[in-house]
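Spelled out from the first residue to the last, the chains are:
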Amino acid sequence: ILFLYNNLKKSNITHFIDVGANMGIYSLLIANKFDNIQICSFEPHPGVFKRLKKNIEQNNFNKNIQAINQGLSDIKSLMFIEGPKKFGINQSGGAALQSKGSNMVNVSTGDSEINLVEKNIAIKIDVEGHEIKTLKGFKNIFDLNNVFLQIEIFDENYANTFNLLNEYNFKLIKKIGFNHNDTTNDYYFSNF
């Protein structure tokens, strides 16, 4: 988080987009540290979204954080969000957008939901393997703004994700691995 804080400050970020916000840890930390950054948090999972809204309200960040209950992909449609089963219960941690399932959710594109031009934006993407489709939905945002990007990438998706970001003129700044997962890393990119 310190690396992110430093880059938000250094890059004069005015907007933070939290894709796959979960319960809002990143959104809340950024709202607490930077009262001048507007935050938009997207979380498609209905149960987790309720917790996100509650966390925003309990921390009095209603003015700083706009929470939206939908996923972001490459098209506007309906999809399903399913998590791994533990003790016979569908878990919210690790839940991913899928074409089939039982928990239907709305999805849209970043370009449809966010109207920003010539801004300094930071985007955090943690979408459990859906990163390529999510990135494709942000093409206009990437073309029209300076974007600092933090993205969690599954190892099996790295080459295709890296190639797509290269097409969008992003350069890799840093890679940070996780202690709890050997097949996923956070990567930091910038297009400016």
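Here, every reference points to the structure presented above.
Okay, so let's go over this structure. (Residues numbered from 1 in each chain as written. Predicted model: local features only at pLDDT ≥ 70, side-chain atom pairs only at ≥ 80, totals over all residues. Heavy atoms only, no water.)

## Quick word on the sheet that holds strand β8 (residues 96-98)
Phase 1: Pairing is mixed across the open sheet formed by four strands, whose spatial order is β4-β9-β5-β8. The outermost strands of the open sheet, each flanked by one partner alone, are β4 (71-72) and β8.
Phase 2: The pairing of strand β5 (residues 77-82) with strand β9 (residues 104-108) spans four bridges and is antiparallel. Residue pairing in the sheet places serine 77 in a bridge with valine 107 of β9. (Pairing = 2+ DSSP bridges. Helix = DSSP H or I, 4+ residues; strand = E, 2+ residues; numbered from the N terminus.)

## Description of the packing of aromatic side chains
Phase 1: Per the stated rule, a full pass over the model turns up nine aromatic pairs.
Phase 2: Seen from their ring centres, phenylalanine 142 and tyrosine 168 are 5.5 Å apart, and the 55° between their planes marks the pair as tilted. Of this pair, phenylalanine 142 sits in helix α6 (residues 139-144) while tyrosine 168 is found in the loop between α7 (158-167) and β12 (171-177), placing the two residues 26 residues apart along the sequence.
Phase 3: Residue tyrosine 168 is classed as buried on the basis of its relative accessible area, which comes to 10%.
Phase 4: Relative to tyrosine 187, the ring of tyrosine 158 has its centre 5.1 Å away and its plane inclined at 35°; by these criteria the two rings are tilted. A residue pair is termed long-range when its members are at least 10 positions apart, and tyrosine 158 in helix α7 and tyrosine 187 in strand β13 (residues 184-190) qualify at 29 residues.
Phase 5: One aromatic cluster in this structure is built from Phe138, Phe142, Tyr168 and Phe170. (Phe/Tyr/Trp six-rings, centres within 6.5 Å; stacked < 30°, edge-to-face > 60°. Buried < 20%, exposed > 50% of the residue type's maximum accessible area, 1.4 Å probe, protein only.)

## Things to note about the pairing of strand β2 (residues 38-42)
Phase 1: Where burial is concerned, most of β2 is hidden: four out of the five residues are buried.
Phase 2: Summarising the sheet, strand β1 (residues 15-19) and β2 pair through five bridges and their orientation is parallel. From the neighbouring strand, phenylalanine 16 faces β2, where its bridge partner is isoleucine 39.
Phase 3: Once the chain exits β1 it traverses helix α2 (residues 25-33) before rejoining the sheet at β2, and the crossover so formed is right-handed.
Phase 4: Both β2 and strand β3 (residues 65-68) contribute to a ladder of four bridges, which runs parallel. Note that in β3 the partner of isoleucine 39 across the bridge is isoleucine 65.
Phase 5: As for the winding sense of the linkage, the β-α-β connection from β2 through helix α3 (residues 46-58) to β3 is right-handed. (Right-handed = clockwise from strand over helix to strand, strands pointing away.)

## Let's talk about the pattern of salt bridges
Phase 1: Under the defined criterion, the tally for this structure stands at two salt bridges.
Phase 2: With its nearest N and O atoms 2.7 Å apart, the salt bridge here joins lysine 124 to aspartate 18. In this pair, lysine 124 is assigned in strand β10 (residues 120-125) and aspartate 18 in strand β1, connecting sequence segments 106 residues apart. Both residues of the pair, lysine 124 and aspartate 18, count as buried. (Salt bridge = Lys/Arg side-chain N within 4 Å of Asp/Glu carboxyl O.)

## Some details on unusual backbone geometry
It is generally the case that most residues other than glycine have a negative phi and that most peptide bonds are trans.
Phase 1: Positive phi is not limited to glycine here, since asparagine 22 has a value of about 55°.
Phase 2: Within the fold, asparagine 22 resides in the loop between β1 and α2.
Phase 3: Unusually for a residue other than glycine, asparagine 60 sits at a positive phi of about 55°.
Phase 4: Mapping asparagine 60 onto the fold places it in the loop between α3 and β3.
Phase 5: Overall, asparagine 60 belongs to the exposed group, its relative accessible area being 65%.

## Things to note about the side chain of serine 27
Phase 1: Mapped onto the fold, serine 27 is located in helix α2.
Phase 2: A polar contact is formed between the side chain of serine 27 and the side chain of serine 41, at a distance of 2.6 Å.
Phase 3: Contact partners of serine 27, with chain neighbours within four places excluded, come to Phe16, Asp18, Ile39, Ser41 and Ile65. (Polar contact = N/O pair within 3.5 Å; in protein donor to acceptor, adjacent residues only side chain to side chain. Contact = heavy atoms within 4.5 Å.)

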